[in-house]
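The lines below spell out each chain.
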Amino acid sequence: MEIEGKIILALPEQSGTSKAGNEWKKREYVLETHESFPRKVHFDLFGQKADQYPLNVGDEIRLSFDINSREYNGRWFTSISGWKVEPAGQPQGAPAGNMAQDFPGAAPFPPAPAAPDLSADPSDDLPF
């Protein structure tokens, strides 16, 4: 899922050690959408994503995220976990950088084949 908006709050980083002895960190933010009735969305970036996408208050972003709900002591809690952040002005689906620079040796896609000309015989409408 994706959502666009402006970062209006950056909460302090949280970190710790899991029961297995692994270090972890999490950064939480609040994003406000640009709809006629703006919505505020609280989300987090966990682990390496917290360092990969440093965000500041005022940043305009497009957030790709997952929603997860879980039950604890008879109550349900929902979290929004970001997995990709892009600048909001970037066209959707466009690569973040130069493809040749990001992936050395990558070749551009070949052009799509031309559509067959069906206007030659209008009585023959079968595609084969």
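Residues numbered from 1 in each chain as written. Predicted model: local features only at pLDDT ≥ 70, side-chain atom pairs only at ≥ 80, totals over all residues. Heavy atoms only, no water.

> I keep staring at the packing of aromatic side chains and nothing clicks. Help me out?
Given two aromatic rings, one states the distance between the centres and the angle between the planes to describe the pair. Evaluated as defined, the whole model comprises 2 aromatic pairs. Judged by centre distance (6.0 Å) and plane angle (10 degrees), the rings of W24 and F46 are stacked. Of the two residues, W24 sits in strand β3 (residues 23-32) while F46 sits in strand β4 (residues 40-46), which places them 22 residues apart along the sequence. The exposure class assigned to W24 is partly exposed, which follows from its relative accessible area of 29%. Judged by relative accessible area, F46 falls into the partly exposed class, the value being 48%. (Phe/Tyr/Trp six-rings, centres within 6.5 Å; stacked < 30°, edge-to-face > 60°. Helix = DSSP H or I, 4+ residues; strand = E, 2+ residues; numbered from the N terminus. Buried < 20%, exposed > 50% of the residue type's maximum accessible area, 1.4 Å probe, protein only.)

> What is the right way to read the side chain of E28 from this model?
Following the sequence through the fold, E28 ends up in strand β3. Within the structure, the side chain of E28 is placed 3.0 Å from the side chain of Q14, a separation counted as a polar contact. Within the structure, the side chain of E28 is placed 3.3 Å from the side chain of H42, a separation counted as a polar contact. In this structure E28 touches L9, A10, L11, Q14, H42, F43 and D44, once residues within four positions along its chain are discounted. (Polar contact = N/O pair within 3.5 Å; in protein donor to acceptor, adjacent residues only side chain to side chain. Contact = heavy atoms within 4.5 Å.)

> Whenever I open this one, the nonpolar core confuses me. Can you help?
Burial of nonpolar side chains together is a common tendency in soluble globular proteins. Of all hydrophobic cores here, the largest spans 14 residues; its most connected members are I7, F43, L45, L55, I61, L63 and V85. Residue assignment for this core shows that the elements contributing at least two residues are β1 (2-10), β3, β4, β5 (60-72) and β6 (75-87). Not counting chain neighbours up to four residues away, the residues in contact with I61 comprise I3, E4, G5, I7, L31, F43, L55, V85, E86, P87 and A88. (Core = buried A, V, L, I, M, F, W, Y, C linked by side-chain atoms within 4.5 Å.)

> How should I be thinking about the environment of S64 in this particular structure?
Along the polypeptide, S64 turns up in strand β5. Separated by 61 residues in sequence, S64 and I3 have C-alpha atoms that sit 6.8 Å apart. Here S64 is in contact with M1, E2, S81, G82, W83 and K84, once residues within four sequence places are set aside. Within the local environment of S64, its side chain forms a polar contact with the side chain of E2, the two groups lying 3.3 Å apart.

> Explain the pairing of strand β2 (residues 14-17) to me, please; I cannot follow it from the model alone.
Across 4 bridges, the pairing between β2 and β3 is antiparallel. The residue bridging Q14 from the neighbouring strand is K26, located in β3. Between β2 and β3, which follow one another and run antiparallel, lie 5 residues, and G21 among them has a positive phi close to 90 degrees. (Pairing = 2+ DSSP bridges.)

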